[in-house]
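Residues per chain, in single letters:
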Amino acid sequence: MSRPLWILVFCAGAIMAISLGFRQSLGLFLTPISMDLGLGRGSFALGMGLMNLVWGALSPIAGALADRHGAGRVAALGGLLYAAGLLALTLSGEGGQLLLGGLLIGAGLSGVGFSVILGTVGRAAPPERRSRALGLAAMGGSIGQFVALPYSHWIIDGIGWQAGLFVLAATCLLILPFSLGIAGTSQSALSASAGREQVAPGGNPHQLAGQTIKEALREAFGDRSFWLLNTGFFVCGFHLAFVAIHLPAYLADFGFAPWLAVTALTVVGIFNAIGSYGCGHLGEHYSKKNLLSLLYLARAGIFAAFLLVPTTETTVILFSAAMGLLWLGTVPLTSGLVAQIFGTGYLSMLFGLVFLGHQFGGFLGAWLAGYLYDLLGSYDLIWWASAVLGLISALLHWPISERPLDRSGQLATAS
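### Some details on the overall build of the chain
(1) Moving on: A tally of regular secondary structure across the chain gives 18 helices and zero strands.
(2) Moving on: Sorting the 415 residues of the chain into buried and exposed places 60% on the buried side.
(3) Moving on: Across the chain, the fraction of contacts at a sequence separation of at least 24, relative to all contacts at a separation of at least 6, is 84%.

### As for the environment of A84
(1) Moving on: Looking at the secondary structure, you find A84 in helix α4 (residues 71–88).
(2) Moving on: Judged by relative accessible area, which is 29%, A84 ranks as partly exposed.

### Some points on the packing of aromatic side chains
(1) Moving on: Counted by the stated rule, this structure contains 25 aromatic pairs.
(2) Moving on: Measuring from centroid to centroid gives 6.1 Å for F233 and F351, while their planes differ by 40°, and the two rings are tilted. Highlighted residues: F233 in helix α11 (residues 224–253) and F351 in helix α16 (residues 347–376), separated in sequence by 118 residues.
(3) Moving on: On the basis of relative accessibility, which here comes to 0%, the residue F233 falls in the buried class.
(4) Moving on: Taken together, a centroid distance of 6.1 Å and an interplanar angle of 50° make the contact between F242 and Y379 tilted. Remark: Y379 occurs in the loop between α16 and α17 (380–397) and F242 occurs in helix α11; sequence separation between them is 137 residues.
(5) Moving on: Grouped by ring-pair contacts, the aromatic residues F242, Y250, F254, F256, F303, F306, F319, Y373, Y379 and W383 constitute a single cluster.
(6) Moving on: Over the ring of W398 we find K289, and its NZ or CZ is 5.2 Å from the ring centre.

### Here's the deal with the nonpolar core
(1) Moving on: F29, L86, F114, I182, F351 and W383 are the most contacted members of the largest nonpolar core, which has 123 residues in total.
(2) Moving on: At 17 residues, α11 tops the list of elements feeding residues into this core.
(3) Moving on: The contacts of F29, once residues within four sequence positions are left out, are F44, I156, W161, L165 and L168.

### Some words on the side chain of H239
(1) Moving on: Of note, H239 is situated in helix α11.
(2) Moving on: Taking relative accessible area as the criterion, H239 reaches 0% and is therefore assigned buried.
(3) Moving on: Not counting residues up to four positions away in its chain, the partners in contact with H239 are R299, F303, S386, L389 and G390.

Reading guide: rules and limits
- By convention here, each chain's residues receive numbers from 1 onward along its written sequence.
- In view of the model being predicted, local features appear only for residues whose pLDDT reaches at least 70, and side-chain atom pairs are presented and counted only at 80 or more, with totals across whole chains, interfaces and linings using the full set of residues.
- Think of the side-chain values as coming from all heavy atoms in the structure, minus any hydrogens and water.
- Only DSSP runs of H or I covering at least 4 residues are called helices, and only runs of E covering at least 2 are called strands; the numbering of each starts at the N terminus.
- Think of it in three bands: with a 1.4 Å probe and only protein chains considered, a residue is buried below 20% of the maximum accessible area for its type, exposed above 50%, and partly exposed in between.
- Working rule for contacts: check all heavy atoms of both residues, and any pair within 4.5 Å makes them a contact.
- Only rings of Phe, Tyr and Trp enter the pairing, Trp through its six-membered ring, and a pair is recorded when the two centres are within 6.5 Å. The plane angle decides the type: under 30 degrees is stacked, over 60 is edge-to-face, the rest tilted.
- Criterion for a charge above a ring: Lys NZ or Arg CZ within 6 Å of the ring centre, and within 35 degrees of the ring normal.
- Side-chain atoms within 4.5 Å link the members of a nonpolar core, which is a set of buried Ala, Val, Leu, Ile, Met, Phe, Trp, Tyr and Cys residues.

Below you can see the structure in the form of structure tokens.
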């Protein structure tokens, strides 16, 4: 690839800023859409849950296409689908448009989300710089959240939620020019694929010549650490979807003005930028799986503390800052672990599969919170469930083996 790494990282971060920024701001639309359409929170929550589920289900497919053919076209198509999904949310109806919008946004995110974009960065960056490059690209999503939340709030206040969604859809089209900056990043274009390159004399048995997609999948599915990563990342998705979608409504139930929800999620974005880069930097020097265990343990403590202390403007901001430090720090560590264990040849696809576990969690975090709120009139059960799941994820990450797979036997056979 002829372009410098920093250009690819910048364009990747810009795409994630737009896609993840607007995804995080969708929670601001929950209350006005539900009130104007006369629907319970469960309808909007189901649409957002389907968004997460489709995003996860299509991520491995989008990742495999990006591995083989480069991420540029995949990201451009994703941007178009994302914009179409936002437009679908504006259609009149009795809730079906929310489901359609969620499906289209989820399909779009599969092409402009973590698996495709971070897989591209991870494949292009040299091993000694990979963790930090992934952290910088993930930080783009944090900056996007910082900008998109006040931007979306300002639009809703100024022109209403329907016209606001039209503006967001138009803004999403900025993904198209940035997709040119990550074009030409397939395995063959980079000539640095773990699935195609030979091992240098005395090199790491981590690399395997001529590995096919089927072989890569069989190898991953047979590895216990792959499934532990999947299950642990499920919890991350549950946490993020619940907080991003339902925190504005939760604060409104306490009688707080809308500015507090916008400020809280913006604070998450600010501290997320610090946390994403910080976790990427720490991942270069310390055990990634141990860092993930500590991160989920800290999340469990934060959720429990938020429930036990009085809910005030101060505690909300402190909660948001603490969660922000841990928000997307899981992403460079988890994607870095996938690259470290399995190589970079099929990184987008394999991280897409791990991300599928994340999105199953996202579906439950978004939908179940709305369903239980309509049933019980409270979010308390979901808050406590989030704390318990954080403890479970911390335990699941601890036994992961982060050593590169030993493929020396397969290499001997191949030669």
